[in-house]
Amino acid sequence: AQSVTQLGSHVSVSEGALVLLRCNYSSSVPPYLFWYVQYPNQGLQLLLKYTSAATLVKGINGFEAEFKKSETSFHLTKPSAHMSDAAEYFCAVNRGSTLGRLYFGRGTQLTVWP
Amino acid sequence: GAGVSQTPSNKVTEKGKYVELRCDPISGHTALYWYRQSLGQGPEFLIYFQGTGAADDSGLPNDRFFAVRPEGSVSTLKIQRTERGDSAMYLCASSLGAADTQYFGPGTRLTVL
């Protein structure tokens, strides 16, 4: 069963514009949620994670995400896009019943136009 | 400190051959994971080690795939009788424990001709 859905495989924004990358999850238990970024020919780097503390999570590079249980969402935002933000972004969930393995979404490729 | 390292960075092999992919985790991390990422997809879980033992190997696609971690540090993913469909990026990650943040290596890109 699909655990993580990322809406939009490609998102394009202008430099300085708001970035919004969508992630919805399905989990019968409170999950841990993550956003990772992958630059070309590199491994995944953690942007931020939610572990049932504050619902608004701040990460690196000005990104943040809000956990909304009622909407089963964990969307990633950044107020002002920078050219260096162009990369692929993955949402992932670590469910309590299978702690250890991460379930990833298909990824969203972010393009930033000058 | 040193992150997760993987060797080789690229591996090209012929259909039917045997390959080994190596992962060096962050020192002190007891948990180690292997994932496979096909083009245009997110990483898919293969296997998770806690110490020397495989705590969850339910993601291994078939019996051609096997992984070991004999001393609780370095791990090797072994693929027998490779098939063209095995071509992918193989990612390794490590963490302090199962509930902790996973740190990923740069991956090994496997191409089966």
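Let us look at the structure shown here.

Reading guide: rules and limits
- Sequence order as written defines residue numbering, which begins from 1 separately in each chain.
- Numbering of ligands from 1 and lettering of chains from A proceed in the order in which they are written.
- Only residues with pLDDT of at least 70 are given local features in this predicted model, and only at 80 or more are side-chain atom pairs given and counted; all residues enter the totals for whole chains, interfaces and linings.
- As a rule here, side-chain values come from all non-hydrogen atoms in the structure, and water together with hydrogens is ignored.
- For this text, the term disulfide refers to a pair of cysteine sulfurs within 2.5 Å.
- The way it works is that DSSP assigns letters per residue, a run of H or I at least four long becomes a helix, a run of E at least two long becomes a strand, and they are numbered from the N terminus.
- Each residue is placed in one exposure class: buried if its accessible area under a 1.4 Å probe, protein chains only, is under 20% of its type's maximum, exposed if it is over 50%, and partly exposed if it falls in between.
- Contact definition: two residues touch when any of their heavy atoms are within 4.5 Å.
- When two components associate, each loses some accessible surface as probed by a 1.4 Å sphere; the sum of these losses over both components is called the buried area.
- Note on definitions: salt bridges are taken to be side-chain nitrogens of Lys or Arg within 4 Å of carboxyl oxygens of Asp or Glu.
- Pairs were defined over the aromatic rings of Phe, Tyr and Trp, the Trp ring being its six-membered one, requiring ring centres within 6.5 Å. Orientation was assigned from the angle between planes: stacked under 30 degrees, edge-to-face over 60, tilted for the rest.
- Strand pairing follows a simple DSSP-based rule, namely that at least 2 bridges must link the two strands.
- Every axis in this analysis is a line fitted to C-alpha atoms, fitted for helices over the stretch in contact. Angles between the N-to-C directions lie between 0 and 180 degrees.

## Quick notes on the state of the cysteines
Residues and elements named next belong to chain A. All told, the structure shown has two disulfides over all chains when counted by the stated rule. The disulfide bridge from Cys23 ends at Cys91, spanning 2.0 Å between sulfur atoms. For the disulfide bridge between Cys23 and Cys91, the dihedral angle about the S-S bond is near -65 degrees, and by the sign convention the bridge is left-handed. Placement of the pair is Cys23 in strand S3 (residues 19-25) and Cys91 in strand S9 (residues 87-94), with a sequence separation of 68 residues. Cys91 shares its class with Cys23; the two are buried.

## Digging into the interface of chain A and chain B
How big an interface is tends to be expressed through the accessible area that disappears when the partners come together. On the chain B side, the residues contacting the 17 residues of chain A number 19 residues. For the pair chain A and chain B, the summed buried surface comes to about 1600 Å²; carbon and sulfur atoms form 53% of the total. On inspection of chain A and its partner chain B, the count reaches one salt bridge. A salt bridge links Asp56 of chain B to Arg101 of chain A, with the nearest nitrogen and oxygen atoms 3.9 Å apart.

## Side note on the environment of Val19 of chain B
Residue and element names in this part refer to chain B. For Val19, the location among the structural elements is in strand S3 (residues 19-24). A relative accessible area of 1% places Val19 in the buried class. The residues touching Val19, leaving out its near neighbours within four places in the chain, are Lys11, Thr13, Leu77, Lys78, Ile79, Thr82 and Leu110.

## Description of the packing of aromatic side chains
Scanning the entire structure with this criterion turns up 14 aromatic pairs over all chains. Aromatic pair Tyr50 of chain A and Phe74 of chain A: ring centres 6.3 Å apart, planes at 50 degrees, arrangement tilted. Remark: Phe74 of chain A occurs in strand S8 (residues 73-78) and Tyr50 of chain A occurs in strand S5 (residues 44-50); sequence separation between them is 24 residues. For Phe74 of chain A, a relative accessible area of 0% translates into the label buried. A centroid spacing of 6.0 Å and a plane angle of 75 degrees characterise the contact between Tyr35 of chain B and Phe45 of chain B, whose relative ring orientation is edge-to-face.

## Observations concerning the sheet that holds S3 of chain A
All names here are of chain A. Read from one edge to the other, the open sheet built from five strands follows the order S1-S3-S8-S7-S6, with strand pairing classed as antiparallel. One side of each edge strand has no neighbouring strand; the edge strands of this open sheet are strand S1 (4-7) and strand S6 (56-58). Taken pair by pair, the neighbouring strands of this sheet meet at an average axis angle of 20 degrees, ignoring direction. Pairing of S3 with S8 involves four bridges; the strand directions are antiparallel. Note that in S8 the partner of Val19 across the bridge is Lys78.

## Description of unusual backbone geometry
Between Thr7 of chain B and the following residue, Pro8 of chain B, the backbone shows a cis peptide bond with an omega angle of -10 degrees. The backbone of Thr72 of chain A shows a phi angle near 45 degrees, a positive value even though the residue is not glycine. With respect to the secondary-structure elements, Thr72 of chain A resides in the loop between strand S7 (64-68) and S8. Of the residues examined, Thr72 of chain A reaches a relative accessible area of 31% and is grouped as partly exposed.

## A short note on the sheet that holds strand S8 (residues 75-79) of chain B
Residues and elements named next belong to chain B. Spatially, S1-S3-S8-S7 is the arrangement adopted by the four strands of the open sheet, whose pairing is antiparallel. Two strands close off the open sheet at either side, each with one partner strand: strand S1 (5-7) and strand S7 (65-68). Adjacent strand axes in the sheet meet at a mean angle of 15 degrees, parallel and antiparallel pairs treated alike. As paired strands, S1 and S3 are joined by three bridges and run antiparallel to one another. Bridge assignment links Ser5 to a residue of S3, and that residue is Asp24.

## Details of the pattern of salt bridges
Tallied over the entire structure, the rule returns six salt bridges over all chains. Between Glu64 of chain A and Lys58 of chain A there is a salt bridge, and its shortest N-O distance comes to 2.7 Å. Its relative accessible area of 23% is what places Glu64 of chain A among the partly exposed residues. The exposure class assigned to Lys58 of chain A is exposed, which follows from its relative accessible area of 62%. The partner of Arg22 of chain B in a salt bridge is Asp24 of chain B, with the nearest N and O atoms 2.9 Å apart. Within this structure, Arg64, Glu83 and Asp86 of chain B form a network of salt bridges that share partners.

Everything listed is a geometric property; what it means functionally is a separate question.
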